Amino acid sequence: MSSHQILQFRSDPFVLSHCCRHTRLTSSLTLQSPLKQPFSGLRFRWRRSNHGGVRSSTTETQSNNGNRKEEALVSETATTTIELKRVYPFHEIEPKWQRYWEDNRTFRTPDDVDTSKPKFYVLDMFPYPSGAGLHVGHPLGYTATDILARLRRMQGYNVLHPMGWDAFGLPAEQYAIETGTHPKTTTLKNIDRFRLQLKSLGFSYDWDRELSTTEPDYYKWTQWIFLQLYKRGLAYQAEVPVNWCPALGTVLANEEVVDGVSERGGHPVIRKPMRQWMLKITAYADRLLEDLDELEWPESIKEMQRNWIGRSEGAELNFSFLDGEGRETDKKITVYTTRPDTLFGATYMVVAPEHHLLSYFVTAEQTQQVEEYKDFASRKSDLERTELQKDKTGVFTGCYAKNPANGDAIPIWVADYVLASYGTGAIMAVPAHDTRDNEFALKYNIPIKWVVKNEANSSDDAKKVYPGLGIIENSSSSETGLDINQLSSKEAGLKVIEWAERTGNGKKKVNYKLRDWLFARQRYWGEPIPILILDESGETIAVSESELPLTLPELNDFTPTGTGEPPLSKAVSWVNTVDPSTEKPAKRETSTMPQWAGSCWYYLRFMDPKNPEALVDKEKEKYWSPVDVYVGGAEHAVLHLLYSRFWHKVLYDIGVVSTKEPFKCVINQGIILGEVQYTAWKDQEGNFVSADTEERLNEHQQVTIPEEKVMKSGDHFVLKEDPSIRLIPRVYKMSKSRGNVVNPDDVVLEYGADSLRLYEMFMGPFRDSKTWNTSGIEGVHRFLARTWRLVIGLPQSDGSFKDGTIVTDDEPTLEQLRTLHKCIAKVTEEIESTRFNTGISGMMEFVNAAYKWNNQPRRIIEPFVLLLSPYAPHMAEELWSRLGHPNSLAYESFPKANPDYLKNTTIVLPVQINGKTRGTIEVEEGCSENDAFVLASQDEKLRKYLDGQSIKKRIYVPGKILNVILDRTNVKVTTK
Ligand code: ANZ
């Protein structure tokens, strides 16, 4: 962790060291194990504060009757150690309650829940257990779902809140290639670490339902789903281009290719067609689109999904191929266009370099050039090819086709801005009305013909590309009889389609951007695809369902084969088999499923994780479906959610699930960015140069300034020691290379899990991105410590806390009840609206108010502890148990706000001075005499009567009047 960390844990005993900013003294102190000996005699010195100075800190003193006064304990000049009164024994409490929950299986959701009760299924996007362990970004979503789960449990719902591992994938395989460690070994080790870390944060998962996508019991059903897709023609094989790296002799995933070269080694990567398994997600495109409307998802995700599916309406039009003499042949090139109204403006055609008929359209003279171009294009990704700002390239094929609208012969080009995978892989190019075609035509001197009039057009714009709609011109032909002049684009488009359908020149067509899903990887660490290929015929045969799971064979060598064959082909005795039904020799499919597979349906298995007979029991599925709240990163807004919706719909069609959609509500948590870093510049002599200098900053040396040396000046940040030096604050994503990654383990050790949970929720609105700030944790940590002392009392002289609490059995006052019920209403509403940060503010207000009370009645404090429990469950459990409850509070009823105590209660109180009404004040209904008097003396109008006067008597009738009788001997004579 960063340099200002105050606790450094060494083995045992551990050391607490810290630094006092002003005195520059550092002290360190050896402790017993914190679990055994909590804080007795523990001393510390103040930490760096947010504002740089030592905080003028306060703590409470407590008189015998429980009265407290906050009093200043240390000042800026404090130099020596002071007693640690801010903290509470979280080191003791947290492991204790984690053990309790584990031993009692507190959060187990039994198989046979009482289904007459309402259900709440709250799910986290399960993590890939990477070697790096948990990141502070993980607990953000996990704390939010945990708060929801805990709230709903206490509100009487049956809650399903599970956790598992999306554990197949590339990093474990790459590690295996480098070190020889089996991916399974690495994966299990990482899972153990993740589990331990999650448990240390007190999440209320039902660990009995834990699953890993890599376990045969689980992937048996992933394979089973694949077989259902295969049987329905939704899984098929096709030649598709893959990233092939000749030097590494392997197929690479998109993320392993950076700028056309392999991430490992920097070798060239080309696109090469390969026979691959595909899933026909396009068959579900319409339903995936339509059903979005019913979902309570953020509009932004729905829009991303709509764009990804990319439905467009247009036409397929046929252009006849002309032979060498310009005669029409019966060979057709079919194009897809969304602008049939521009047909008369098509002055050339383009086919994609991979178009299946391309070799047919090339003249002998152009063959070499076209072949070279195909090779050139194969080295680019689709993204590079279609980027608008990229220079367009292409080659003339030497051949022509006939524009069906007017009979013109137009040249056929090959160019890589047309993709083989979209539409028909060929376009009619209309350079007057399509930007890319326009660029291309200008570059290669191809005629441009304007056919759509822009009504708002000025004469200057006449020769510019106009992609909009308008009125059609230059669009009639006596030869074909088609005339669309003067029609609007829309009318003209419909007329062209109608004409094309009538004359056999084309048809209406809906297209989708969505492509079928490439469902195979040439990798070891994935689910085997349960398919056999007969040696003789090459026919594919589904492995029988009774043979599932088809387990991944053991392998010691994970390196690529060099031929493009997947590593599984090395498991020769596994690969070579016979088809049990015909006894014909066959080979097993050696590609494995992509990492997306296991995460497509895991939410179903959590409902019934151990079922050997079915993917999920029908009754259980009916009860628990759909997932009520699904929380995860926005990076999964498109593919993961789309793929699982697709599988879910297939499972719905075959009667495995009862709902059309898997996830009722999806929430994306924001990203946690690293702490703000302040940059300054120094010249050659080592003097600081202000960031607003005229000089060029990049000629100077850049230095990072620690936060405590920085202060704010107006809208800028400056050096504290020299405010004329302006600094630049920057925020970066947390990354290893930047060294700004915060490890949650460190935070838990230093502040406790409850503080981490609370801090992550308090950082800002849940969905927003936010920057990490360690002093922010100190703030919530102090709040927890205050809450602890509110209920338990102050530490004893040796620093330890008494058992039990200082709570009394007094009847609560009206004011106390009002404060509590306002807090209940606020916390409940804020949690239910996933505004977790403002829920915490509500609790902070309560604690502040409660510190002013003379007593802490049980009827107030107990409900407050319950309110706190979803956020800070360890502390809440401990307080609950000290309040005399033998059982966990996890299933206690969540407090309900009584509306009687929520009414607006301020009243206008007349104030008399010596019997004369001199003004009014606004007070809370149950306001005490003292508070009313304080308010009166602060009132601008009343102040002049009261300032400097001695008071003889106060007569207070609550809710009616405050009369202040001044001491006559001291009456100030006023002129009024
Ligand atoms: C003629 C035309 C004229 C077009 C015009 C547009 C504007 P969306 O809306 O995304 O579906 N197109 C068709 N297939 C293509 C492919 N495989 N690769 C690249 N571009 C392709 O886009 C459909 C439009 O994109 C089609 O309509 C076609 O160009 C182009 F003024 O046809 B249009």
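Conventions we followed
- Within every chain, residues take consecutive numbers counted from 1 along the sequence as written.
- The model is predicted, so local features are restricted to residues of pLDDT at least 70 and side-chain atom pairs to those at 80 or more, both for listing and for counting; the totals for chains, interfaces and linings are taken over all residues.
- Based on all heavy atoms of the structure, the side-chain values leave hydrogens and waters out of the count.
- UniProt positions are given in the numbering used here, feature names are shortened, and annotations may be inferred rather than shown by experiment.
- In this description a helix means any DSSP run of H or I spanning at least four residues, a strand means any run of E spanning at least two, and both kinds are numbered starting from the N terminus.
- We call two residues in contact when some of their heavy atoms are within 4.5 Å.
- In this description, strands pair whenever DSSP reports at least two bridges between them.
- Fitted lines through C-alpha atoms serve as axes, helices being fitted only where they are in contact, and the angles separating the N-to-C directions of these axes extend from 0 to 180 degrees.
- A score from 0 to 100, pLDDT tells how confident the predictor is in each residue.

The name an unreviewed UniProt entry assigns to the protein is leucine--tRNA ligase, from the organism Arabidopsis arenosa. What UniProt states about the protein under its Sequence similarities (unreviewed entry) heading is, verbatim, "Belongs to the class-I aminoacyl-tRNA synthetase family."

Peer 1: Would you explain the overall build of the protein in this entry?
Peer 2: Along the backbone of the protein there are 25 helices and 44 strands. Taking all contacts inside the protein whose residues are at least 6 apart in sequence as the whole, residues at least 24 apart take part in 69%.

Peer 1: Whenever I open this one, the pairing of strand β20 (residues 394-402) confuses me. Can you help?
Peer 2: Looking along a regular strand, one sees the side chains alternate between the two faces of the sheet. As defined by bridge partners, strand β17 (residues 311-322) adjoins β20 across three bridges and the pair is classed as antiparallel. Across the sheet, serine 320 pairs through a bridge with lysine 402, a residue of β20.

Peer 1: I keep staring at the sheet that holds strand β32 (residues 663-669) and nothing clicks. Help me out?
Peer 2: As a general point, the strands of a sheet are linked pairwise by backbone hydrogen bonds and lie either parallel or antiparallel. Pairing is parallel across the open sheet formed by four strands, whose spatial order is β9-β8-β31-β32. At either end of the open sheet lies a strand with only one pairing partner, and these are β9 (158-160) and β32. Pairwise comparison of adjacent strand axes, ignoring direction, gives a mean angle of 20° for this sheet. One ladder, built from six bridges, connects strand β31 (residues 627-633) with β32; its direction is parallel.

Peer 1: Help me out: how do you make sense of the confidence of the model for the protein in this one?
Peer 2: Do not read the predicted coordinates in detail wherever pLDDT is low. Mean pLDDT for the protein: 87, with 89% of residues reaching 70 or above. The low-confidence segment residues 971-976 (pLDDT under 50) makes three contacts with residues lying over four places distant or belonging to another chain.

Peer 1: Whenever I open this one, unusual backbone geometry confuses me. Can you help?
Peer 2: Trans is the common state for peptide bonds, and a negative phi is the common state for residues other than glycine. With an omega dihedral of 0°, the bond running from leucine 548 to proline 549 counts as a cis peptide bond. Within the secondary structure, proline 549 sits in the loop between β28 (540-542) and α12 (572-575). With an omega of -10°, the peptide bond between serine 625 and proline 626 qualifies as cis. One can find proline 626 in the loop between α15 (618-624) and β31.

Peer 1: How should I be thinking about the UniProt feature "domain: Aminoacyl-tRNA synthetase class Ia" (unreviewed entry) in the protein in this particular structure?
Peer 2: As annotated in UniProt, the feature "domain: Aminoacyl-tRNA synthetase class Ia" (unreviewed entry) corresponds to residues 513-674 and 733-760 in the numbering used here. With 57% helix and 0% strand, residues 733-760 has end C-alpha atoms that lie 16 Å from one another.

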